[in-house]
Amino acid sequence: MHSIRIQLLAFITAVLLIFLVILNIYPITSSRDLIFEEKKSALSGQAAVVASSLSGLDRLAPDSVREVLQLLDLGGYSRTVVAGADGTVVYDDAASAGGAADNADILASLEGKCVFRSHFTEEAFFSSYAMPVTSRGTTIGVVYLCEEDTERAAVISDIQSRLLRFSAAIGAVALLFAALFSSVLLSRMRELVRSIRIVAGGDYAHRLVTRGRDEITELGEEFNQLTERLEDTEKQRRRFVSDASHELKTPLASIRLLSDSIVQSENMDGGTMREFAADIGHEAERLQRTTEKLLDLSRLDDDVQVIDEPVDIKLTTVDALSVLRPLAEEKGVKIRCELEDGCVVMANTDDMFHIVFNLMENAVKYNVPGGSVLVKTATEDDRIVLSVSDTGIGIPEEDRLNIFARFYRVDKARSRASGGSGLGLSIVHDAVLAHGGTIAVGQNKPQGSVFIVSFPRPTSEETGI
Ligand SMILES: Nc1ncnc2c1ncn2[C@@H]1O[C@H](COP(=O)(O)OP(=O)(O)OP(=O)(O)O)[C@@H](O)[C@H]1O
Ligand SMILES: [Mg+2]
């Protein structure tokens, strides 16, 4: 694994190096070029003056050349050389004249070209200029000026060494800052990784302390939210396991008690025994209902993709009604239905039955003698709406939020006495959501509750109708 710190430092170093190299090279080369340009124009001007002064002569003889040059007074240049048409040096103020000019520039200039040459060493700028001397259209010789400028070279070298020292200082400070910055950044990352490990180890209550307002803070906040959700899920799971065990334990304890009583009492009469056995049967039935509902919930939790089919809510309601009629009669509750035709939703027949049946069953179960239940289906814009309202005991506002939680009952004793497990509405809720619907609970006027379920209205392509 390549540490981010090394990658970051390598990147910063590379950028810094490029910057410093440019900083060191560019000003020096451009000022050098500028000086060369200046030298070229000065030397070429001076050479032109010499050449035009000499062009009055027919031939470049040492004496006449010396005379002309003395008149010109060429101070400042380190060396002036004049060569004749045959390439012999007729004047050289730095050495004795007379030898053949072995300078390539002089020889090239004899052919009629001007040649400028320059180079820079740490000590000096060397520049030279060779220009042909023409008289009546013919080249009679060459004037060659060369100069060595140590002053400017010293200034340039000085700038160069200052720049180098300056760059080294900048580089060191920048690297120091980069190292500091990366270690702060990395310590925050390490903190995040440490927190992830702690949470992965099972401590869901752990939270990362976030500072600042950057992407790492954002990451930390996201992580905290995720952990919070994990903690909630874990709490729910634990509560569910403990509630479920409790729900199963109660009927099992009753069964045990009843069977013990039968076993222990030697001369129990047949009637009592049958009564006890019937109670055992009821408890077993309750256990069966609870486990069946738990299985329904776990199936909905599994998120298995069931293929949706068009389901007509009217038919489902009629089915549920036929099952519930005996209970409604027993309780003295009237069920009225206002069912629109064509209320078809894309769902699963079993899930739809659970939804309608549980809502209607609750509306009957938690009703009062002489009360009523109204089941309505309607199409509203692009939704199919099912509402089940009753004139029963109602649900206190503070309980409405929790009503869909597993094993939640408003009045535990009453619900349990009527055989309720507190799972019906969780199944309804999960089934509604599984088919893209929404569910809401409210208060019915003047009394009772109303449950409103709505599903997206399927297109004719989906239903195939
Ligand atoms: N229409 C209603 N009127 C008043 N209270 C209701 C109504 N529907 C539900 N409740 C309350 O909400 C609780 C949860 O209902 P839910 O259907 O989940 O469980 P249950 O009816 O007790 O048991 P189950 O439906 O599993 O047999 C009920 O115990 C009851 O207190
Ligand atoms: Mg119920």
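Structural data are supplied above this passage.
How each quantity is defined
Residues numbered from 1 in each chain as written. Chains lettered and ligands numbered in written order. Predicted model: local features only at pLDDT ≥ 70, side-chain atom pairs only at ≥ 80, totals over all residues. Heavy atoms only, no water. Core = buried A, V, L, I, M, F, W, Y, C linked by side-chain atoms within 4.5 Å. Buried < 20%, exposed > 50% of the residue type's maximum accessible area, 1.4 Å probe, protein only. Helix = DSSP H or I, 4+ residues; strand = E, 2+ residues; numbered from the N terminus. Domains from an automatic or database assignment. Contact = heavy atoms within 4.5 Å. Pairing = 2+ DSSP bridges. Axes fitted to C-alpha atoms, helices over the stretch in contact; angles between N-to-C directions. Salt bridge = Lys/Arg side-chain N within 4 Å of Asp/Glu carboxyl O. Phe/Tyr/Trp six-rings, centres within 6.5 Å; stacked < 30°, edge-to-face > 60°.

Participant: How should I be thinking about the nonpolar core in this particular structure?
Facilitator: Ranked by size, the top nonpolar core spans 42 residues in total, and within it Met352, Ile355, Leu359, Met360 and Val388 carry the most contacts. Sorting elements by how many residues they give to this core places helix α8 (residues 349-365) first, with eight residues. Split by domain, the residues of this core number at least three in each of domain 2 (215-299) and domain 3 (305-463). Not counting residues up to four positions away in its chain, the partners in contact with Leu359 are Val388, Leu425, Val428, Phe451 and Val453. Membership of the second largest hydrophobic core comes to 20 residues, among which are Val50, Val65, Val90 and Tyr91.

Participant: Looking at this model, I keep getting lost on the sheet that holds strand β4 (residues 125-135). Mind explaining?
Facilitator: Sheets are built from strands paired through backbone hydrogen bonds, the pairs being either parallel or antiparallel. If you trace the five strands from one edge of the open sheet to the other, you get β2-β1-β5-β4-β3, paired in antiparallel fashion. The open sheet has two edge strands, β2 (89-92) and β3 (115-120), and neither has a second partner. Direction aside, neighbouring strands of the sheet carry axes that sit 15° apart on average. Relative to the sheet, helix α2 (residues 62-72) contacts β1 (79-84) and β2, its axis offset from that of β2 by approximately 30°.

Participant: Looking at this structure, I do not really get the pattern of salt bridges. What am I missing?
Facilitator: For the structure on display, the rule yields 22 salt bridges. Note that Asp149 is salt-bridged to Lys39, the shortest N-O span being 2.7 Å. Here the residue Asp149 occupies a position in strand β5 (residues 138-149), and Lys39 occupies one in helix α1 (residues 4-54), the gap between them amounting to 110 residues. Neither residue differs from the other here; Asp149 and Lys39 are each classed as buried. Note that Arg211 and Glu191 form a salt bridge whose closest N and O atoms lie 3.6 Å from each other. Within this pair, whereas Arg211 is found in the loop between α4 (150-200) and α5 (215-264), its partner Glu191 is found in helix α4, the two being separated by 20 residues in sequence.

Participant: Mind showing me how you'd approach the packing of aromatic side chains here?
Facilitator: Ring pairs (aromatic) are described by centroid distance and by the angle formed between their planes. Within the structure shown, the criterion is met by six aromatic pairs. Between the aromatic rings of Phe353 and Phe357, the centroid separation amounts to 5.5 Å while the plane-to-plane angle is 15°, which identifies the pairing as stacked. Taken together, the positions of Phe353 and Phe357, both in helix α8 and four residues apart, correspond to about one turn of that helix. With relative accessibility at 18%, the residue Phe357 sits in the buried group. Ring centres of Phe404 and Phe451 lie 6.4 Å apart, and the angle between their planes is 85°; this geometry places the pair in the edge-to-face category. Of this pair, Phe404 sits in the loop between α9 (397-400) and α10 (412-417) while Phe451 sits in strand β12 (residues 449-456), placing them 47 residues apart in sequence. You'll find Phe404 and Phe451 in the same group, each marked buried.

Participant: What am I meant to see in the pairing of strand β10 (residues 383-390) here?
Facilitator: Successive side chains on a regular strand alternate, one facing one side of the sheet and the next facing the other. β10 sits mainly inside the fold: seven of its eight residues count as buried. Pairing of strand β9 (residues 372-380) with β10 involves eight bridges; the strand directions are antiparallel. Each residue of the ladder has a partner; that of Lys376, found in β10, is Ser387. Bridge count for β10 against β12 is seven bridges, and the pairing is antiparallel.

Participant: What should I look at first to understand the pairing of β2 in this one?
Facilitator: Pairing analysis gives three bridges linking β1 to β2, with the strands arranged antiparallel. Bridge pairing in β2 links Val81 to Asp92. Turn length for the β1-β2 hairpin, with the two strands adjacent in sequence and antiparallel, is four residues, and the turn residue Gly87 shows positive phi of about 95°.

Participant: What am I meant to see in the environment of Asn224 here?
Facilitator: Here Asn224 shows up in helix α5. Along the sequence, Asn224 and Ile22 sit 202 residues apart, while their C-alpha atoms lie 46 Å from each other.

Participant: What is the right way to read the side chain of Ser426 from this model?
Facilitator: The residue Ser426 is located in helix α11 (residues 424-434) in this model. Relative accessible area serves as the criterion here: at 1%, Ser426 is assigned to the buried category. For Ser426, the residues in contact, after removing those within four places along its chain, are Leu297, Phe404, Ala405 and Arg406.

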